[in-house]
Amino acid sequence: MSLIRRDPGLWLLLHLRRPGDRRGDTRGACAVCGAETRFVRNSWILPAELAREWPREFVDRESQLCAECGANRRVRRMAEVLVSLYAEHARSIAELVREERFRRLEIAEINSIGRMHAFLADHPRLAYSEYPEEDLMELSYADASFDLVLTSDTLEHVPDPRRALNETRRVLRAGGRHVFTVPHDPRRARTRSREGLPAQHHGRGGGPYALVTRQADMLAHTDFGADVEDVLRETGFEPETYFEGVEAVFCGVAPERGP
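To start, this report covers the structure provided alongside it. (Residues numbered from 1 in each chain as written. Predicted model: local features only at pLDDT ≥ 70, side-chain atom pairs only at ≥ 80, totals over all residues. Heavy atoms only, no water.)

We now examine the overall build of the chain. Counting its regular elements, the chain contains 10 helices and 13 strands. In summary, the chain has a C-alpha radius of gyration of 18 Å against a globular reference of 18 Å for 259 residues, a match within 12%. C-alpha atoms of the chain, sized along the principal axes, occupy 60 × 50 × 30 Å. Counted over contacts in the chain with a minimum sequence separation of 6, partners at least 24 positions apart contribute 64%. Accessible surface computed for the chain: about 12500 Å², of which carbon and sulfur atoms make up 48%. Within the chain, the 42 negative side-chain charges are centred at a point lying 6 Å from the centre of the 38 positive side-chain charges. (Helix = DSSP H or I, 4+ residues; strand = E, 2+ residues; numbered from the N terminus. Rg over C-alpha atoms; globule rule 2.2 N^0.38 Å. Contact = heavy atoms within 4.5 Å. Areas by Shrake-Rupley, 256 points an atom, 1.4 Å probe, with all protein chains shown as cover. Lys, Arg positive; Asp, Glu negative; His and termini not counted. Charge placed at Lys NZ, Arg CZ, Asp CG, Glu CD.)

Turning next to the packing of aromatic side chains. Describing an aromatic ring pair means giving the distance of the ring centres and the angle of the ring planes. A complete count under the given rule lists 4 aromatic pairs for this structure. Plain terms: the ring middles of Tyr141 and Phe146 are 4.8 Å apart, the flat faces sit at 85 degrees to each other, and that makes the pair edge-to-face. Here Tyr141 falls in the buried class, since its relative accessible area comes to 17%. Of the residues examined, Phe146 reaches a relative accessible area of 5% and is grouped as buried. (Phe/Tyr/Trp six-rings, centres within 6.5 Å; stacked < 30°, edge-to-face > 60°. Buried < 20%, exposed > 50% of the residue type's maximum accessible area, 1.4 Å probe, protein only.)

Counting residues in hydrophobic clusters, the biggest one holds 31 residues, and the most contacted among them are Leu82, Ile93, Met116, Leu150 and Val179. Of all the elements, helix H5 (residues 73-86) adds the most residues to this core, at 7 residues. Judged by nonpolar contacts, the second largest core, of 25 residues, contains Ile110, Val158, Val171 and Phe224. (Core = buried A, V, L, I, M, F, W, Y, C linked by side-chain atoms within 4.5 Å.)

This part covers the sheet that holds strand S5 (residues 126-129). Taking strand neighbours across the sheet as the criterion, the 6 strands line up as S5-S4-S6-S7-S13-S12 in an open arrangement whose pairing is mixed. The open sheet has two edge strands with one neighbour each: S5 and strand S12 (238-242). Neighbour-to-neighbour, the strand axes of the sheet open up by a mean angle of 15 degrees, direction not taken into account. The pairing of strand S6 (residues 146-152) with strand S7 (residues 172-181) spans 6 bridges and is classified as parallel. Looking at the pairing, Leu150 lines up with Val179 of S7. Lying over the sheet, helix H9 (residues 161-171) contacts S6 and S7, oriented at roughly 140 degrees with respect to S7. (Pairing = 2+ DSSP bridges. Axes fitted to C-alpha atoms, helices over the stretch in contact; angles between N-to-C directions.)

Take the pairing of strand S13 (residues 249-253) next. Taking burial as the measure, the 5 residues of S13 include 5 buried ones, the bulk of the element. Residues Val249, Cys251 and Val253 of S13 are buried on one face, and the alternating residues Phe250 and Gly252, pointing to the opposite face, are buried as well. Pairing of S12 with S13, which is carried by 5 bridges, proceeds in the antiparallel orientation. Bridging from a neighbouring strand, Thr241 pairs with Phe250 of S13.

Moving on, we get to the sheet that holds strand S1 (residues 26-29). The sheet built from 3 strands is open, its strands ordered S1-S2-S3 with antiparallel pairing. Both outer strands of the open sheet, S1 and strand S3 (65-66), are each paired with one neighbouring strand and no more. Pairing between strand S2 (residues 36-40) and S3: 2 bridges, direction antiparallel. What sits directly across from Val40, in S3, is Leu65.

With that out of the way, let us pick up the pattern of salt bridges. Scanning all chains against the criterion turns up 26 salt bridges. For Arg41, the salt bridge goes to Asp60, with nearest N and O atoms at 2.8 Å. With a gap of 19 residues between them, Arg41 in the loop between S2 and helix H3 (48-53) and Asp60 in helix H4 (residues 58-62) connect regions that are remote in the sequence. The residue Arg190 makes a salt bridge to Asp230 at a minimum N-O spacing of 3.7 Å. Here the residue Arg190 occupies a position in the loop between S7 and strand S8 (192-193), and Asp230 occupies one in helix H10 (residues 228-234), the gap between them amounting to 40 residues. A relative accessible area of 47% means that Arg190 is categorised as partly exposed. Exposure remark for Asp230: the relative accessible area of 31% places this residue in the partly exposed category. (Salt bridge = Lys/Arg side-chain N within 4 Å of Asp/Glu carboxyl O.)

As for its placement among the helices and strands, Thr235 is situated in the loop between H10 and S12. Reaching out from Thr235, the side chain makes a polar contact with the backbone oxygen of Leu232 at a distance of 3.0 Å. Apart from the residues lying within four places of it in its own chain, the contact partners of Thr235 are Arg162, Leu165, Asn166 and Arg169. (Polar contact = N/O pair within 3.5 Å; in protein donor to acceptor, adjacent residues only side chain to side chain.)

Structure (structure tokens):
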């Protein structure tokens, strides 16, 4: 079946873009689906106001779409981290979910991790939920339920992200990880609340995509800065950071529990 018949929305993202975007395309192996393919830049992926406010690299973070599965660079970076942490021989999420050691993990995916979700859905111990139906500030899961919690560009939409991090730490077993991304600006020294600032929504694109209503067009409550590791320490995690700048993938490791 052709790509346009399988996923017309992805076909549009791969083809409806500024002519100059083609010069930003790259090639490589996708850490989500495993294909050797082209990664497509689309500068209309962000609305004009966010493209002006955020570092220029955000366009590539949110685009550079895999021509096979559609995973953007942000999701592929998360995939690379998961493969580096948990794989025995796998080189992609498509392969990782078939490895027995990874399949034994109890995993919570809170909000779909973009195009990775279709592959994670094959995991036999995946608990998948969507925010805000699953309240990150008061998770419905029992203490020490999971080995791995995954969120991607979700914590900024939670009214109190520190409370949410306390909750993800609560539901993790000792040594478990919360692997996540947030749109953070390394030029901003400190994370700040957006209370009192003009409302900002994430999810809708620019150019012709500004006319498309997106379910993920959600209000942002927090602007994350260069201190994400400090925020993790404040909430009781041991922090790890993978990649640099706006492409950073963060990981909070749950410490050993006291007596």
